[in-house]
Amino acid sequence: MIALLKVCIIFGIIAVLISKKFPLVWALLGGSIIMGLSFGLPFSDILKGVFEGAIAWDTIKLALILYLIAVLENILRNKDLLKNMILSIKSLIKEKRLLLISMPMIMGLLPSVGGALFSAPLLEEAGKDTNLDPERKSYINYWFRHVWEPFLPVYPGILLASVLSETSLSILIREALPYGLLVLAIGLFFAFYKLDLSEKAPEENSEEAPDTDETPVEENKNPLKTFLISFSPILALLLITLIFHVDLLYVLLGLILVLFLIFRYNFQDIKNTLKDALKPENVLLIVAVMIFKRMLEVTSAVSDIAYLLNYSNIPIVISFFTLPFITGLLTGSTQASVGISFPILLRMIPYQNPLKYIIFGFISSYFGVLMSPMHLCLIITKEYYKADWNKLYSYVIKSGIVFVIFLFLKFFLS
């Protein structure tokens, strides 16, 4: 109980700091140190945990992936591939709402935090002529990329749940599909409720008008071809990663090298591109998040909370929701949440209708991650659009309330 209380207080401190416009990086680092001190760790062990979190291969790899995505974005933008892609999609998809959600949903097929950073500039381009505020854009980019995660088998969470519970993957996909559709429906409501998607006044956008008028005539002749050509680098990235299961880091490296050759970049062009893409604040943010996660492990906070829930005299259904939800909330990873909570939950599972509890526990893990302020997709999206945290998270909380009501209703009525 004490561990849960401490973690909740630390989360509250971080939330207050963020709401007061305190830099997120320093709020997370401060929260990590407070966590170590509150759990009685010697200062030397706290420094060791911070150091381990900062230099861990997962941290370095993630920072490299996000940097290479920024490099790729720089190439696509400078060579007008992003602009051509948006113009062609606008010709193919006339409905503005469908156009906006298509960006994060397409990149949501890529089971990596990098997908959020890929779709953010695409969504920015698609919505630049509308009155979308940073918080609404952040919500759309974050929420719609996670439509696939409950049931798409390229995501590790459902694969791990299948292995640990010894349940057929096809059965889990079938049972989890309604929750993906629910996320889509909830997102459509909260993203576009009372939203005026009318274009900005001409005077606000006059400087960009000549740019957008140069290419539509040519692109409208064959927008599908234009889209396929401009989208081909991202399509190649998706196919190689999803079908051939090549690590995203190496795919990005190879793809960037190929694009350098195709567009005949000289040494100075490459140097400028690599320099322009480097944003130290993004690297520091990743390091801070990974340090916070490492401190959760070092202090055994997650395992202590799991033990508390396992041996408390509370109804099974509450345990099957609370344990995976809290671990998902703390870790920001469905795979981690399933890996931590399922070995405990499976020992508690009733003989009657076990599949019902397995799905309930898995979706609770996913829900915890979706609500997590530690979710890297949410953090990166918020930073990209410079959104107000309170307004953005209010969208997420409202959506989560609807989701969890449906989750319990489906459990008790099925």
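Further up the page is the structure itself.
Parameters at a glance
- Residues numbered from 1 in each chain as written.
- Predicted model: local features only at pLDDT ≥ 70, side-chain atom pairs only at ≥ 80, totals over all residues.
- Heavy atoms only, no water.
- 1 Å grid on protein atoms, 1.4 Å probe; cavity = no way out; pocket = protein on both sides within 12 Å on 5 of 7 lines; lining within 4 Å.
- Points joined across faces, edges and corners; volume = space filled by probe spheres on them.
- Helix = DSSP H or I, 4+ residues; strand = E, 2+ residues; numbered from the N terminus.
- Nonpolar A, V, L, I, M, F, W, Y, C, P; charged D, E, K, R; others polar.
- Salt bridge = Lys/Arg side-chain N within 4 Å of Asp/Glu carboxyl O.
- Buried < 20%, exposed > 50% of the residue type's maximum accessible area, 1.4 Å probe, protein only.
- Phe/Tyr/Trp six-rings, centres within 6.5 Å; stacked < 30°, edge-to-face > 60°.
- Lys NZ or Arg CZ within 6 Å of the ring centre and 35° of its normal.

Novice: What should I look at first to understand empty space enclosed by the protein in this one?
Specialist: Rolled over the atoms, a probe sized like a water molecule indicates the empty space that remains. Within the structure shown, the criterion is met by two cavities of 30 Å³ or more. Its volume calculated, the second largest cavity comes out at about 30 Å³. Around the second largest cavity, the lining residues are Met85, Ile89, Met103, Ile106, Met107, Leu122, Phe227 and Phe231. Elements with a minimum of two residues in the lining of the second largest cavity: α5 (81-92), α6 (96-107) and α13 (223-243). Here the element with the most residues in the lining of the second largest cavity is α6; it accounts for three residues. Residues belonging to the lining of the second largest cavity are distributed by class as follows: eight nonpolar, no polar and no charged.

Novice: What is the right way to read the pattern of salt bridges from this model?
Specialist: Side-chain pairing between opposite charges can occur once the charged atoms of the two side chains come close. Tallying each qualifying case throughout the model produces nine salt bridges. Between Arg77 and Glu125 there is a salt bridge whose closest N-O contact spans 3.0 Å. Taken together, the residues Arg77 in helix α4 (residues 57-78) and Glu125 in helix α7 (residues 114-126) connect sequence positions 48 residues apart. When the shortest N-O distance is used, the salt bridge between Glu95 and Arg97 registers 3.5 Å. Residue Arg97 is classed as partly exposed on the basis of its relative accessible area, which comes to 35%. Among the ionic contacts, a cluster of salt bridges with common partners joins Glu52, Arg294 and Glu297.

Novice: Would you mind showing me how to read the packing of aromatic side chains here?
Specialist: Aromatic ring pairs are defined here through the distance separating the ring centres and the angle between the ring planes. Evaluation of the coordinates by the stated rule reveals 24 aromatic pairs. Each ring, one from Phe325 and one from Phe367, has its centre 5.3 Å from the other, and the planes form 25 degrees; the classification is stacked. Here Phe325 is found in helix α18 (residues 316-331), whereas its partner Phe367 is found in helix α20 (residues 354-371), with 42 residues between them in sequence. With a relative accessible area of 17%, Phe325 lands in the buried category. Classification of Phe367 as buried rests on a relative accessible area of 5%. Here the guanidinium or amino end of Lys6 rests over the ring plane of Phe39, the centre of that ring lying 4.8 Å away. Between the NZ or CZ atom of Lys356 and the centre of the ring of Phe411, over which it lies, the distance is 4.5 Å.

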